[in-house]
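Fold and contact review
Residues per chain, in single letters:
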Amino acid sequence: MSVATHLGIRLSEYDARIRTFIPFYEEMLDVAADAVPSRARRIVDLGIGTGALAARCLARAPRAAVVGIDADADMLAAAARRLGSRAAFVVDSFLQAPLPSCDAVVASFALHHVRTRNAKRRLYRRIHSALRPGGVLVVVDCQPSRDSQVAARERDAWTAHLRRAYSARQARGFLRAWAAEDVYVPLEAEMDLMAGSGLDPKVVWRRDAFAVLAGRRSRVAQGSRVAGT
Ligand SMILES: C[S@@+](CC[C@H](N)C(=O)[O-])C[C@H]1O[C@@H](n2cnc3c(N)ncnc32)[C@H](O)[C@@H]1O
């Protein structure tokens, strides 16, 4: 299914509408780009969409090129227009496309499309292998609390954001439709998945149900010994 169909919008509206759907969208992308090493030479963006995060990453890392992987060719065409010659694209699922060796992997509002924890575990292991030592995975997404009362308050806050642009009925309809297709992994479980793949996860930003997580691959190559240990 195309993103436009999933969100019930026209593709040309995406950049404006995503801000009405997701609170703190711009702030989260800014924080995520800041978590990318400024010396990065290659950044892989999973589910790059129209390239809003990738554009920020390219500004942050002036010598970097981006490889954007997305299953939706129309989204990639929009990203190509935005990013120009510093970006290359792969039209495929990031669950199967080979991941090139890189200094950072970033993903904003894309990994909630991974349906199972096992699939995400496999993806995180592949990301760990693709990252150079010291490289980082940066994930921006909805990661609700495990506590059902806290999660209910987080959902109310998300509804309040939607209500700035939509009726109560529309807001309820959006959340219901997305919940039927998207998988929002609780924050602690997402951190465990990252840690299980060998990354060292940190919460770099958190508000309501939304989070920016950064998982760093150790600078010491696995199997090598640190002098004096
Ligand atoms: C909600 S959009 C987010 C786009 C962009 N990262 C942003 O922050 O605005 C999700 C994107 O992930 C892509 N996507 C979802 N599942 C995917 C998969 N398994 N492989 C590749 N792309 C996928 C969609 O096509 C879409 O472009």
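Small disclaimer: the values here were computed from a predicted structure and weren't measured. Position numbers for residues count from 1 along each chain, tracking the sequence in the order it is written. With pLDDT at 70 or above as the cut-off, local features in this predicted model cover only qualifying residues; side-chain atom pairs require 80 or more to be listed or tallied, and sums for whole chains, interfaces and linings still use all residues. The side-chain figures draw on all heavy atoms in the structure; neither hydrogens nor water molecules are used.

Some words on the packing of helix H7 (residues 148-163) against helix H8 (residues 168-181)
Geometry of a packed helix pair, given as the angle between the helix axes and the separation of the axes. Direction vectors running N to C along H7 and H8 enclose 125°, while the axes themselves pass 9 Å from each other. Classified by the angle their axes make, H7 and H8 are oblique. For the pair H7 and H8, the crossing hand works out as right-handed. Of the residues in H8, those in contact with Arg155, Trp158, Thr159, Leu162 and Arg163 of H7 are Ala168, Ala171, Phe174, Leu175 and Trp178. Asp, Glu, Lys and Arg are counted as charged, while Ala, Val, Leu, Ile, Met, Phe, Trp, Tyr, Cys and Pro are counted as nonpolar; the rest, among them Gly, fall into the polar class. Across the contact of H7 with H8, the residue classes tally to seven nonpolar, one polar and two charged. All axes are obtained by fitting lines to C-alpha atoms, using only the stretch in contact for helices, and the reported angles, taken between N-to-C directions, cover 0 to 180 degrees. Secondary structure elements follow DSSP: runs of H or I no shorter than four residues count as helices, runs of E no shorter than two count as strands, and numbering proceeds from the N terminus. Geometric relationships in this document are graded by angle, where less than 35 degrees denotes roughly parallel, more than 145 denotes roughly antiparallel, 65 to 115 denotes roughly perpendicular, and other angles denote oblique. When the near helix sits turned anticlockwise from the far one by under a right angle, the crossing is termed left-handed; a clockwise turn instead gives a right-handed crossing. Whether two residues are in contact is decided by their heavy atoms: any pair within 4.5 Å suffices.

Re the site of the ligand
Taken together, the neighbourhood of the ligand is formed by 17 residues, with Tyr14, Tyr25, Gly47, Asp70 and Ser108 sitting nearest. Phe94 places a main-chain nitrogen or oxygen 2.9 Å from a nitrogen atom of the ligand. Its free accessible area being 600 Å², the ligand has 92% of it covered by the protein chains. Here a residue counts as near a molecule or strand whenever at least one of its heavy atoms sits within 4 Å of it. Two N or O atoms form a polar contact when they lie within 3.5 Å of each other; inside protein one atom must be a possible hydrogen donor and the other a possible acceptor, and for residues adjacent in sequence the pair counts only when both atoms belong to side chains. Residue burial considers only the protein chains on display, and all accessible areas are found by Shrake-Rupley using a 1.4 Å probe.

A closer look at unusual backbone geometry
Unlike most non-glycine residues, Phe24 shows phi in positive territory, near 60°. Relative to the assigned elements, Phe24 resides in the loop between helix H2 (14-21) and helix H3 (25-34). The buried label applies to any residue whose accessible area, calculated with a 1.4 Å probe on protein chains only, is under 20% of its type's maximum; exposed applies above 50%, and partly exposed to all values in between. Among the residues examined, Phe24 registers a relative accessible area of 25% and is labelled partly exposed. Its identity is not glycine, yet Asp208 carries a phi of approximately 50°, on the positive side. Residue placement: Asp208 occurs in the loop between strand S6 (200-207) and strand S7 (210-216).

Describing the packing of aromatic side chains
Each pair of aromatic rings taken from Phe, Tyr and Trp, with Trp reduced to its six-membered ring, is defined by centres within 6.5 Å and is described as stacked if the planes are under 30 degrees apart, edge-to-face if over 60, and tilted in the remaining cases. Within this structure, the stated rule accounts for eleven aromatic pairs. Between the aromatic rings of Phe21 and Tyr166, the centroid separation amounts to 5.8 Å while the plane-to-plane angle is 25°, which identifies the pairing as stacked. Highlighted residues: Phe21 in helix H2 and Tyr166 in the loop between H7 and H8, separated in sequence by 145 residues. Its relative accessible area of 1% is what places Phe21 among the buried residues. Following the ring pairs from residue to residue traces out a cluster consisting of Phe21, Tyr25, Phe109, Trp158, Tyr166, Phe174, Trp178, Tyr184 and Phe210. The rule for a charge over a ring is simple: NZ of Lys or CZ of Arg within 6 Å of the ring centre, and within 35 degrees of the ring normal. Positioned over the ring face of Phe24 is Arg207, at 4.7 Å from the centre of the ring.

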